[in-house]
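Observations on the model geometry
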Amino acid sequence: MSEASSEQSNEPRRSSLVQLALMRARLFYREPAAMFWTFGFPMLLSVALGIAFRNQKPQPVRVAIESGPYAGHITALLSPRADIYAKTLTDNDAREALRTGKVSVVVDEIDGKYTYRFDVTRPDSRLARLVVDDAIEQGEGRADKIVSTDELVTESGSRYIDFLIPGLVGIGLMSSGLWGVGYALTDMRSKKLLKRLVATPMKKGEFLFSFLLVRAAFVVIEVPPLLLFGWLVFDVRVHGSLMLVALTTILGAFTFAGLGLLVGSRTSSSEVVQGLINFVSLPMYMCSGVFFSADKFPDWSQPIVRALPLTALNDALRKTITDGAGLADIATQIAIVMAWGVAAFAIALKLFRWR
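Residues numbered from 1 in each chain as written. Predicted model: local features only at pLDDT ≥ 70, side-chain atom pairs only at ≥ 80, totals over all residues. Heavy atoms only, no water.

When its secondary structure is counted, the chain shows 13 helices and 4 strands. By the burial criterion, 40% of the 355 residues in the chain qualify as buried. Taking contacts inside the chain between residues at least 6 apart in sequence as the whole, the part at least 24 apart equals 73%. Total accessible area on the chain is roughly 20,000 Å²; 63% of this is exposed by carbon and sulfur atoms. (Helix = DSSP H or I, 4+ residues; strand = E, 2+ residues; numbered from the N terminus. Buried < 20%, exposed > 50% of the residue type's maximum accessible area, 1.4 Å probe, protein only. Contact = heavy atoms within 4.5 Å. Areas by Shrake-Rupley, 256 points an atom, 1.4 Å probe, with all protein chains shown as cover.)

Listed below in structure tokens is the structure:
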């Protein structure tokens, strides 16, 4: 009798968890805006950035030649080179063109001595200086000491869109978790919906866990369309295990849903929760390698940047999708993501209030 009664008591709990998850799913699909930001916006963003940063033919370096008695001589030296576009400008115009990025280097000659004016902080400017100097030396009759040939290759995974797609997957999981869970929880509290649930025998752990279940279920229909879109439109291929990509994205969904629960555990105002979500997400938008590499930040900040959950998730996704890495290669990133998720859910469970 005791075993039968125990099974009967567990059945309503499982049923309530399923019903809560279904309720969250229905609320999501009844919001057209939520559907757009979850599915449509990442695809539109990938199209725009993929087109803007698509692979192009090498562009000639743009050079300004200061007008003067030697301008014609410099022009004659540079004109045979197809990888250089040179034009003669006055001194003031050349400085202005360099300042505004219209040219990468300014060349002048005085009595056989060449002067290169360029911005050392600009990679294109440093490269242009080397190209122009090589062209001038060859034009002046330099004999190369070694014979070399160029082998032009385009490696898979080297394009910006290959870098971007995993970042969009990560940022989509973060946005859906914080806004879809944190904001939704606060909205339910402000509308007194949570107050009505106090009278039910449901435990708050079951209620909060239902949010995690729904987020995990949505990963199945949220991530594959973006990866498929990237493959069909930009030929972005998954070089690693699809199962490992699925595991990583599900863990990421759990983690950011947990952070969303933590953000909305006590807030009852939409203005407050919006501020908290921005406070949590903006550092990761900027630092976690979504649109550019996290390596751009100084060395002293790298331990902090690498410890952020979105950074770890993006690194794990890129290693798996682009580099074909295995589970052992991303174990550190997986551990960071899991630690954030477990800690966030435990704290949210402790702080959560129905009212």
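With that settled, consider the packing of aromatic side chains. Scanning the entire structure with this criterion turns up 6 aromatic pairs. On the basis of an interplanar angle of 85 degrees and a centroid distance of 5.3 Å, the ring pair of Phe207 and Phe211 is categorised as edge-to-face. With Phe207 and Phe211 both in helix H8 (residues 204–234) and 4 residues apart, the pair spans about one turn of that helix. For Phe211, a relative accessible area of 2% puts it in the buried group. Put simply, the rings of Phe207, Phe211 and Phe352 pair up and form one aromatic cluster. One Lys or Arg, Arg318, reaches over the ring of Phe163 and ends 3.6 Å from the middle of that ring. (Phe/Tyr/Trp six-rings, centres within 6.5 Å; stacked < 30°, edge-to-face > 60°. Lys NZ or Arg CZ within 6 Å of the ring centre and 35° of its normal.)

Quick look at the nonpolar core now. Across soluble globular proteins, you tend to see nonpolar side chains buried next to one another. Within the largest apolar cluster, 42 residues are counted, with the highest numbers of intra-cluster contacts made by Val169, Leu173, Met174, Leu227, Phe256, Leu310 and Leu313. Only helix H6 (160–190), H8, helix H9 (242–263), helix H10 (270–287), helix H12 (309–321) and helix H13 (331–351) provide two or more residues apiece to this core. A per-element tally of this core places H6 first, with 9 residues. Those residues in contact with Leu310 that lie beyond four places of it in its chain are Gly170, Ile171, Met174, Phe256, Met284, Ser288 and Val290. (Core = buried A, V, L, I, M, F, W, Y, C linked by side-chain atoms within 4.5 Å.)

Positive phi, close to 60 degrees, is recorded for Asp235, a residue that is not glycine. By secondary structure assignment, the location of Asp235 is in the loop between H8 and H9.

A few words on the pairing of strand E1 (residues 61–66). Put simply, side chains in a regular strand alternate between the two faces of the sheet. With 5 of its 6 residues buried, E1 lies for the most part within the structure. Bridging between E1 and strand E2 (residues 84–89) involves 6 bridges; their strand directions are parallel. Its bridge partner being in E2, Arg62 is matched across the sheet by Tyr85. Remark: the E1/helix H3 (residues 71–78)/E2 crossover connection has right-handed handedness. One ladder, built from 3 bridges, connects E1 with strand E3 (residues 105–110); its direction is parallel. Following the sheet pairing, Ile65 is matched in E3 by Val107. (Pairing = 2+ DSSP bridges. Right-handed = clockwise from strand over helix to strand, strands pointing away.)

According to the stated counting rule, one finds 13 salt bridges in the structure shown. In this structure, Asp133 and Arg129 form a salt bridge, with 3.8 Å as the shortest nitrogen-oxygen distance. Of this pair, Asp133 and Arg129 both sit in helix H5 (residues 123–139), 4 residues apart, which is roughly one turn of that helix. Put simply, Arg237 and Asp235 hold a salt bridge, and the shortest N to O gap is 3.0 Å. In this structure Arg237 comes out as partly exposed when scored by relative accessible area, which is 45%. A residue is classified by how much of its surface remains accessible, and Asp235, at 39% relative accessible area, is partly exposed. One salt-bridge network, held together by shared partners, links Glu66, Asp91, Arg95 and Arg117. (Salt bridge = Lys/Arg side-chain N within 4 Å of Asp/Glu carboxyl O.)

We now examine helix H4 (residues 91–99). Those residues of H4 that sit buried are Ala94, Ala97 and Leu98. Looking straight down H4, one finds that the buried residues subtend no more than 100 degrees of arc, so they occupy a single side. Relative to its buried face, H4 has exposed residues pointing more than 90 degrees away, namely Asn92 and Arg99. Looking at the buried positions of H4, the neighbouring elements they touch are E1, E2, E3, strand E4 (113–117) and H5. Directly beyond the C-terminal end of H4, a positive phi value near 85 degrees is found at Gly101. (Arc of directions from axis to C-beta.)

The next subject is a nonpolar patch on the surface. On the surface, a nonpolar cluster with roughly 400 Å² of combined accessible area is contributed by Leu228, Trp231, Leu232 and Val233. Note that Leu232 resides in helix H8. (Patch = residues over 30% accessible without salt bridge, like charges linked within 9 Å, V, L, I, M, F, W, Y side chains within 5 Å.)

With respect to the element layout, Pro58 can be found in the loop between helix H2 (32–52) and E1. A sequence separation of 25 residues divides Pro58 from Asp83, and the C-alpha atoms of the two residues are 8.0 Å apart.

This part covers H13. Taking 1.5 Å of rise per residue, the 21 residues of H13 would be expected to cover 30 Å, and the 30 Å separating its terminal C-alpha atoms lies within 8% of that figure. Considered for burial, the residues of H13 that qualify are Gln333, Ile334, Val337, Gly341, Ala344, Phe345 and Ala348. Buried residues of H13, seen end-on, are gathered within an arc of 105 degrees and therefore sit on one face of the element. Exposed and facing more than 90 degrees away from the buried side of H13 are Thr332, Val342 and Lys350. In the core, the buried residues of H13 are packed alongside H8, H9 and H12. (Expected span 1.5 Å × (residues − 1).)

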